[in-house]
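Descriptive structure summary
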Amino acid sequence: MTISRKPQPEGGQAPVVQRVRIRYAKRGPLRFTSHRDFARAFERALNRAGVPIAYSQGFTPHPKISYASAAPTGVASEAEYLEIGLRATVDPVDLRAALDAALSPGLDVIDAVEAHGGSLADRIDASVWRIELPGVESDTLRHAVDAFEAAEEVLVERLTKQGRRTFDARGAVVKIGVGAEIAAPNEVTGVPCAILDLVVRQVTPAVRPDDVLSGLRVVADLEPPVPPRATRLAQGTLTAQGEIVDPLEADRDGIPIGER
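Residues numbered from 1 in each chain as written. Predicted model: local features only at pLDDT ≥ 70, side-chain atom pairs only at ≥ 80, totals over all residues. Heavy atoms only, no water.

Attention shifts here to the overall build of the chain. Broken down by element type, the chain carries 5 helices and 11 strands. Within the chain, the fraction of its 260 residues that count as buried is 45%. Carbon and sulfur atoms form 49% of the exposed surface of the chain, whose accessible area is close to 13300 Å². (Helix = DSSP H or I, 4+ residues; strand = E, 2+ residues; numbered from the N terminus. Buried < 20%, exposed > 50% of the residue type's maximum accessible area, 1.4 Å probe, protein only. Areas by Shrake-Rupley, 256 points an atom, 1.4 Å probe, with all protein chains shown as cover.)

On to unusual backbone geometry, then. Residue Pro205 is bonded to the preceding Thr204 through a cis peptide linkage, with omega at -5°. By the element assignment, Pro205 lies in the loop between strand E9 (193-201) and helix H4 (209-220). For Ser69, which is not glycine, the phi dihedral falls at a positive 50°. Position of Ser69 among the secondary structure elements: in the loop between strand E2 (65-68) and strand E3 (76-86). In this structure, Asp221 takes a positive phi of about 60° despite not being glycine.

Before going further, it helps to examine the packing of helix H3 (residues 138-150) against H4. Contact geometry of H3 with H4 gives a least axis separation of 9 Å together with a crossing angle of 90°. The orientation of H3 relative to H4 falls into the category roughly perpendicular. Contact with H3, carried on its side by Leu141, His143, Ala144, Val145, Ala147 and Phe148, involves Val212, Gly215, Leu216, Val219 and Ala220 of H4 and no other residues of that element. Looking at the contact of H3 with H4 residue by residue, the classes come out as 9 nonpolar, 2 polar and no charged. (Axes fitted to C-alpha atoms, helices over the stretch in contact; angles between N-to-C directions. Parallel < 35°, antiparallel > 145°, perpendicular 65-115°, else oblique. Contact = heavy atoms within 4.5 Å. Nonpolar A, V, L, I, M, F, W, Y, C, P; charged D, E, K, R; others polar.)

Let's shift gears to the packing of aromatic side chains. Inspection of the entire model under this criterion finds 3 aromatic pairs. Each ring, one from Phe38 and one from Phe42, has its centre 5.8 Å from the other, and the planes form 25°; the classification is stacked. One end of the pair, Phe38, and the other, Phe42, are both in helix H1 (residues 35-49), 4 residues apart, so they sit about a helical turn from each other. Pair check on accessibility: Phe38 and Phe42 agree, each one buried. Through successive ring pairs, a cluster of aromatic residues spans Tyr24, Phe38, Phe42 and Tyr67. (Phe/Tyr/Trp six-rings, centres within 6.5 Å; stacked < 30°, edge-to-face > 60°.)

A separate point is H1. Along its 15 residues, H1 runs 21 Å from first to last C-alpha, staying within 8% of the 21 Å computed at 1.5 Å per residue. Among the residues of H1, those classed as buried are Phe38, Ala39, Ala41, Phe42, Ala45, Leu46 and Ala49. The arc that holds every buried residue of H1, seen down its axis, measures 165°, which confines them to one face. Away from its buried face, by an angle of more than 90 degrees, H1 presents the exposed residues Arg36 and Arg48. Packed against the buried residues of H1 are strand E1 (18-26), E2, E3, helix H2 (92-102) and strand E4 (107-114). Phi for Gly50, located one or two positions after H1, is positive at around 70°. (Expected span 1.5 Å × (residues − 1). Arc of directions from axis to C-beta.)

Moving on to H4. In this model, H4 (12 residues) spans 16 Å end to end at C-alpha, consistent with the 16 Å of a helix rising 1.5 Å per residue. Looking only at H4, the buried set comprises Pro209, Asp211, Val212, Leu213, Ser214, Gly215 and Leu216. A positive phi of about 60° marks Asp221, the residue just after H4.

A few words now on the pattern of salt bridges. In this structure the tally under the stated criterion is 18 salt bridges. One salt bridge in this structure joins Arg21 and Glu83, with 2.6 Å as the shortest N-O distance. Taken together, the residues span a long stretch of sequence, with Arg21 in strand E1 and Glu83 in strand E3 at a distance of 62 residues. Across this residue pair, the class does not change: Arg21 and Glu83 are buried. Here Arg40 and Asp37 are joined by a salt bridge, their closest N and O atoms 2.4 Å apart. Placement of both Arg40 and Asp37 in helix H1 is noted, with a separation of 3 residues, approximately one turn of the helix. With a relative accessible area of 42%, Arg40 lands in the partly exposed category. Each of Arg19, Arg21, Glu83, Arg123 and Asp251 takes part in one network of salt bridges that share partners. (Salt bridge = Lys/Arg side-chain N within 4 Å of Asp/Glu carboxyl O.)

Below is the structure:
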């Protein structure tokens, strides 16, 4: 399916007449796609699908694409978000189908809605994560989680572009718990696989799943024998009840999140 495009006007770039917000997933081996690689793949998909993307002005025009809180490389996600500016109006349902067909399997477009005011980034302040820990018993993980919850502060280190940095991994964690144990991944047989469930508030510096695992190592000496697998299940606005509201909901029904 291809969305017809209109040519750019002579003497400048066409203005943005519609903004569309998109939810997409990174699954399977495509979780190792870096943000830069995904951005290149997405721009190629826009061209293949014939999407009338708007461009910035100037000598080196860039497509009008804004990304919100991209997951780290190597992490799977069911809830990545971006916004595009278009120079012609399209049906978001057709746009979703065309982009999904133009992207590689594993980079999957789940939803698309027309933007109706507000900032997409302002609607994302927390994420829900599930981390598979092959080789770890649920009781062992539960002991580590209890120690993490009991701590007022859990200092961990991370190597950043500015050098090694120490920060608190505990303060950003809103919920932490042990899920039902599952079978280990196919490449790891005959071992238990504990599940860590997390709700993490978006702070600066960002606290990632591997930072929480570092915190469990600090408080309980938990050291998974096999590399964990993290999946972001959702992200959005954290309510007073501890639930996450999809940032596209306000665009879908026009009701501000604070009035739900």
